[in-house]
Amino acid sequence: MKKLSKTKIYHLIFCLFASSVLAQKSDRYFTTSDGVKLHYTVTGQGKPLVIFPGYTQSSTNFEPNLEVIGMRFQVYCLDYRWHGLSEDPNYGVHIERFAKDANEMIADAKIGSFYLLAHSMGNTVAWSYFGLFGQKQVIKYILGDEAPCLVTDPSWTSQEKEMYTGSATDKDLWTAWRMPKSQQQPPKNTRELMMGKLLTEHLGNDWRDILPTIQVPTLALIAENGTFNNQHLFDYFLKTIRKSELKVIPNAGHGYYATNPKEFNEIVLNYFSSK
């Protein structure tokens, strides 16, 4: 019989552990205080790590990462209303309500202190959560690829636009991050209508007053090829968030957790495991 190399043996052991992590995944449901049935997943074992996904993302987006992260943390990932396996009500599609839903998930799961990983719009949910419920339960926070403002104020200077949005380009509420008006079509169904409503809600907020209140150690994790790779924004984060540091994932876009999983997983594990 052919002898396996040490590298192959280690790889096989890793694969066995990774598959066992996903095998431990459980689907849970709870009903919110405003009567909506929401879904969240629990994967892995160790200290609690809560994920707030981005716009249109669900718990399934992070499953490949959990093969690694779940070996050292017990990961909780919420499907917002109108996302994943959660219900689709005709109300409550607001960032503040998402933050309340997240708080109710944390209570349902009986989570004490936890690490928080937020990506894209998930950071606005996190900032709303901080404003509503404080940060006493949060041990550390990863701010994944987001800026405090996504539209510009006409009175801002070019430098201020870069500081707050990551770009000197003017972004109007009804055109920012959207297809040109000539290509926009009326919503085809209720889902498109609600996702459009959520996008407007997401774009229209200004979180600059919340960032200075963040007291927990924070890592701003930015994509090199994304929208927020801007030195003025970096300086703003480091100056405004007291216990912050910065990491740029090279050769990566906004979805770096999927396109650059090795680097992403390593950064998450190292940051949350370090003192």
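Preceding this paragraph is the structure being described.
It is worth spelling out helix H7 (residues 231–240) at this point. Within the sequence span of H7, burial applies to Leu-233, Phe-234, Tyr-236, Phe-237 and Thr-240. Down the axis of H7, the buried side of the element spans an arc of 160 degrees, and every buried residue falls inside it. Where the residues of H7 are buried, they touch strand S6 (138–144), helix H5 (158–165), strand S7 (218–223) and strand S8 (244–249). For H7, the capping residue at the N-terminal end is Asn-230, with a side-chain oxygen 2.8 Å from the backbone nitrogen of His-232.

Attention now moves to the pattern of salt bridges. One pass over the full model with this rule turns up 9 salt bridges. Between Arg-81 and Asp-34 there is a salt bridge, with the nearest N and O atoms lying 3.0 Å from each other. In this pair, Arg-81 sits in the loop between strand S4 (73–79) and helix H3 (95–108) while Asp-34 sits in the loop between strand S1 (26–31) and strand S2 (37–44), placing the two residues 47 residues apart along the sequence. Accessibility expressed as a relative area gives 0% for Arg-81, which makes it buried. The closest approach of N and O atoms between Arg-208 and Asp-206, which form a salt bridge, is 2.7 Å. Judged by relative accessible area, Arg-208 falls into the partly exposed class, the value being 25%.

Another point: the nonpolar core. One finds Phe-52, Leu-116, Trp-127, Phe-130 and Tyr-141 to be the most contacted residues of the largest nonpolar core, which totals 58 residues. Residues contacting Phe-130, with those up to four places away along its chain left out, are Leu-116, Gln-135, Val-138, Tyr-141, Ile-210 and Ile-214. Ala-252, Tyr-256, Tyr-257 and Phe-264 belong to the second largest nonpolar core, which has 24 residues in total.

It is worth spelling out the packing of aromatic side chains at this point. In this description, an aromatic ring pair is defined by two values, namely the gap between the centres and the angle between the planes. Across all of its chains, the model carries 17 aromatic pairs by this definition. A centroid spacing of 6.3 Å and a plane angle of 70 degrees characterise the contact between Phe-52 and Tyr-129, whose relative ring orientation is edge-to-face. With Phe-52 in strand S3 (residues 47–52) and Tyr-129 in helix H4 (residues 121–133), the pair connects residues that are 77 residues apart, well separated along the chain. Centroid distance Tyr-80 to Phe-98: 4.8 Å. Interplanar angle 15 degrees. Geometry classified as stacked. Here Phe-98 lies in helix H3 and Tyr-80 lies in the loop between S4 and H3, a separation of 18 residues in the sequence. In this structure, Tyr-80 and Phe-98 share a single accessibility class: buried. Here a set of aromatic residues connected by ring pairs shows up, and it is made of Phe-52, Phe-114, Tyr-129, Phe-130, Phe-133 and Tyr-141.

Turning to the side chain of Asp-79, a few remarks are in order. By secondary structure assignment, the location of Asp-79 is in strand S4. For Asp-79, the residues in contact, after removing those within four places along its chain, are Leu-38, His-39, Tyr-40, Ser-58, Ser-59, Gly-84, Leu-85 and Ser-86.

With that settled, the discussion passes to the environment of Val-248. Checked against the element boundaries, Val-248 lands in strand S8. Assessed through its relative accessible area of 28%, Val-248 is described here as partly exposed. For the pair Val-248 and Glu-224, spaced 24 residues apart in sequence, the C-alpha separation works out to 5.8 Å. Excluding residues within four positions of it along the chain, Val-248 makes contact with Ile-222, Ala-223, Glu-224 and Phe-234.

Parameters at a glance
Residues numbered from 1 in each chain as written. Predicted model: local features only at pLDDT ≥ 70, side-chain atom pairs only at ≥ 80, totals over all residues. Heavy atoms only, no water. Buried < 20%, exposed > 50% of the residue type's maximum accessible area, 1.4 Å probe, protein only. Helix = DSSP H or I, 4+ residues; strand = E, 2+ residues; numbered from the N terminus. Arc of directions from axis to C-beta. Contact = heavy atoms within 4.5 Å. Polar contact = N/O pair within 3.5 Å; in protein donor to acceptor, adjacent residues only side chain to side chain. Salt bridge = Lys/Arg side-chain N within 4 Å of Asp/Glu carboxyl O. Core = buried A, V, L, I, M, F, W, Y, C linked by side-chain atoms within 4.5 Å. Phe/Tyr/Trp six-rings, centres within 6.5 Å; stacked < 30°, edge-to-face > 60°.

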